[in-house]
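# Chains, contacts and geometry: an overview
Residues per chain, in single letters:
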Amino acid sequence: MSVRFRLLAAGALCAAAGCGRPPSADILTLVDFNPPQVEFGDRCEILGQGFPVGAEAVVTLDGRFSSPGQPTETRTVQFQAPAVTENRIEFTFTERVQALVGLANGRFLHTTFRGNLSVAFAATGANRAVSGTLRNTTIDM
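Residues numbered from 1 in each chain as written. Predicted model: local features only at pLDDT ≥ 70, side-chain atom pairs only at ≥ 80, totals over all residues. Heavy atoms only, no water.

A separate point is the confidence of the model for the protein chain. For the protein chain, per-residue confidence averages 83 on the pLDDT scale, and 79% of positions sit at 70 or higher. Taken as a whole, residues 2-23 scores under 50 in pLDDT and shows eight contacts with residues more than four places along the chain or in a different chain. (pLDDT = per-residue confidence, 0-100. Contact = heavy atoms within 4.5 Å.)

As structure tokens, then:
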């Protein structure tokens, strides 16, 4: 094989593998979500270790959402929340978050989420993107 062909092949492999971008790593430890029963205006916390203070996390709820009198839906909901300390991500349960998790016919319904709660922080500078998951989480909203 020619040197030119090898360089082209290596470049193609590198592009396909995402070389040049720091890879994502599931290295954050998530330990709890508080409170387990949430009402409008409540301050919610995701507790864990290794959060980059001041950075915005993408919070993902991936699982089943059920409301009385409605069919259970399996879906993914995402929103952003800041890491206020190395051990805490915080957000308020606002109308915007309500709309993402439990609106039917323009009204919020009591909704129970059962599934995985994940957080991810984008790569910055030389730092890799990092994420973590709290499995089998239940939140009543």
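Going through the model one piece at a time under the given rule, you end up with four aromatic pairs. With centroids separated by 5.0 Å and ring planes inclined at 45°, the aromatic side chains of F65 and F113 adopt a geometry described as tilted. Of this pair, F65 sits in strand β3 (residues 56-66) while F113 sits in strand β8 (residues 112-121); the two residues are 48 residues apart in sequence, bridging distant segments of the chain. Taking relative accessible area as the criterion, F65 reaches 3% and is therefore assigned buried. Linked through ring pairs, F33, F79 and F91 together constitute an aromatic cluster. Above the ring of F65, the side-chain terminus of R75 is found at 4.3 Å from the ring centroid. (Phe/Tyr/Trp six-rings, centres within 6.5 Å; stacked < 30°, edge-to-face > 60°. Helix = DSSP H or I, 4+ residues; strand = E, 2+ residues; numbered from the N terminus. Buried < 20%, exposed > 50% of the residue type's maximum accessible area, 1.4 Å probe, protein only. Lys NZ or Arg CZ within 6 Å of the ring centre and 35° of its normal.)

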